[in-house]
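Per-entry structural report
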Amino acid sequence: FSWNSNQTLGDESAYVMRFLPNGTSVDPAFQPRNYNLGGRRNIFRDMRVLPDGRIVAVSDSLPSNNTNNDFSVVRMLSDGSPDTTFSNDGIQYI
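Everything in this summary refers to the structure shown in the same document. All residue numbers refer to positions counted from 1 along the written sequence of the respective chain. With the structure being a predicted model, the display of local features is reserved for residues of pLDDT at least 70 and the display and counting of side-chain atom pairs for 80 or more, all residues being used for whole-chain, interface and lining totals. For side-chain calculations, the full set of non-hydrogen atoms in the structure is used, while hydrogens and water are omitted.

**Some remarks on the overall build of the chain**
- Helical segments are the DSSP runs of H or I of at least four residues, strand segments are the runs of E of at least two, and each set is numbered from the N terminus. Scanning the chain from N- to C-terminus turns up zero helices and seven strands.
- Reading the helices (α) and strands (β) of the chain from amino to carboxyl end gives β-β-β-β-β-β-β.
- Three labels apply to residues, based on accessible area from a 1.4 Å probe with only protein chains included: buried if under 20% of the type maximum, exposed if over 50%, partly exposed otherwise in between. Expressed as a percentage of its 94 residues, the buried residues of the chain come to 35%.
- Note on contacts: a residue pair is in contact if any heavy atoms of the two residues lie within 4.5 Å. In the chain, once contacts between residues fewer than 6 apart in sequence are set aside, the share between residues at least 24 apart is 30%.
- Exposure was quantified through the Shrake-Rupley algorithm and a 1.4 Å probe, taking into account, for residues, occlusion by the shown protein chains and nothing else. Of the roughly 5500 Å² of accessible surface on the chain, 50% is carried by carbon and sulfur atoms.

Quick look at the structure:
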C-alpha cells in the first residue's frame, strides 16, 4: 500500500493505492481513491491493515481558513472502497 497527497488546483487530496507483490505495478483489483477531507491540505499520516483486511488511515488537514488542523479517520474495505458501516461514508472527522 502507498498513501500520499495529490495536489490539484491548489488543494491536496489524500489517496491510497495498493501494489502487486512485484512492487512496481498498481493492483487493478484495488480501487484507488482520492479523499478530499475538507481542507486545502489533506495528508494521510499513518495507515494500518486490520486483521479482517479493512484499512484504516488517519489524516490531518489544514482548513482553507488556516485555523487549527482538523483530523479525520478513514476506513476502507479490503478492495479500497469506503467502508460505509463506519460513519456512513467511511470518514469520521475529529
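**Let's talk about the side chain of Asp27**
- Relative to the helices and strands, Asp27 is located in the loop between strand 2 (11-17) and strand 3 (33-35).
- Note on Asp27: relative accessible area 12%, which makes it buried.
- Identification of polar contacts relies on pairs of N or O atoms within 3.5 Å, with a donor-acceptor requirement for protein atoms, meaning one able to donate a hydrogen and the other able to accept it, and with residues adjacent in sequence counted only if both atoms are side-chain atoms. Among the polar contacts made by the side chain of Asp27, one reaches the main-chain amide nitrogen of Ala29 at a distance of 2.9 Å.

**Comments concerning the pattern of salt bridges**
- Every case where a carboxyl oxygen of Asp or Glu lies within 4 Å of a side-chain nitrogen of Lys or Arg is listed as a salt bridge. Within this structure, the stated rule accounts for five salt bridges.
- One salt bridge connects Asp83 with Arg54, and the closest N-O pair in it is separated by 3.4 Å. With Asp83 in the loop between strand 6 (70-76) and strand 7 (91-93) and Arg54 in the loop between strand 4 (41-49) and strand 5 (55-62), this residue pair connects regions lying 29 residues apart in the sequence.
- By relative accessible area, which is 23% here, Arg54 ends up partly exposed.
- Between Arg75 and Asp83 there is a salt bridge; the shortest N-O distance is 2.7 Å.

**Considering unusual backbone geometry**
- Positive phi is not limited to glycine here, since Ser87 has a value of about 60°.
- Structurally, Ser87 is set in the loop between strand 6 and strand 7.
- Note on Ser87: relative accessible area 31%, which makes it partly exposed.
- Residue Asn88 is not a glycine yet carries a positive backbone phi of 65°.
- Within the secondary structure, Asn88 is located in the loop between strand 6 and strand 7.
- Looking at Asn88, the relative accessible area reads 68%, which means it is exposed.

**Quick look at the environment of Ser87**
- Taking C-alpha positions, Ser87 is 9.8 Å from Val73, a pair spaced 14 residues apart along the chain.
- In this structure the side chain of Ser87 is engaged in a polar contact, spanning 3.0 Å, whose partner is the backbone oxygen of Ile91.

Take it as geometry only, folks, not as evidence of what the structure does.
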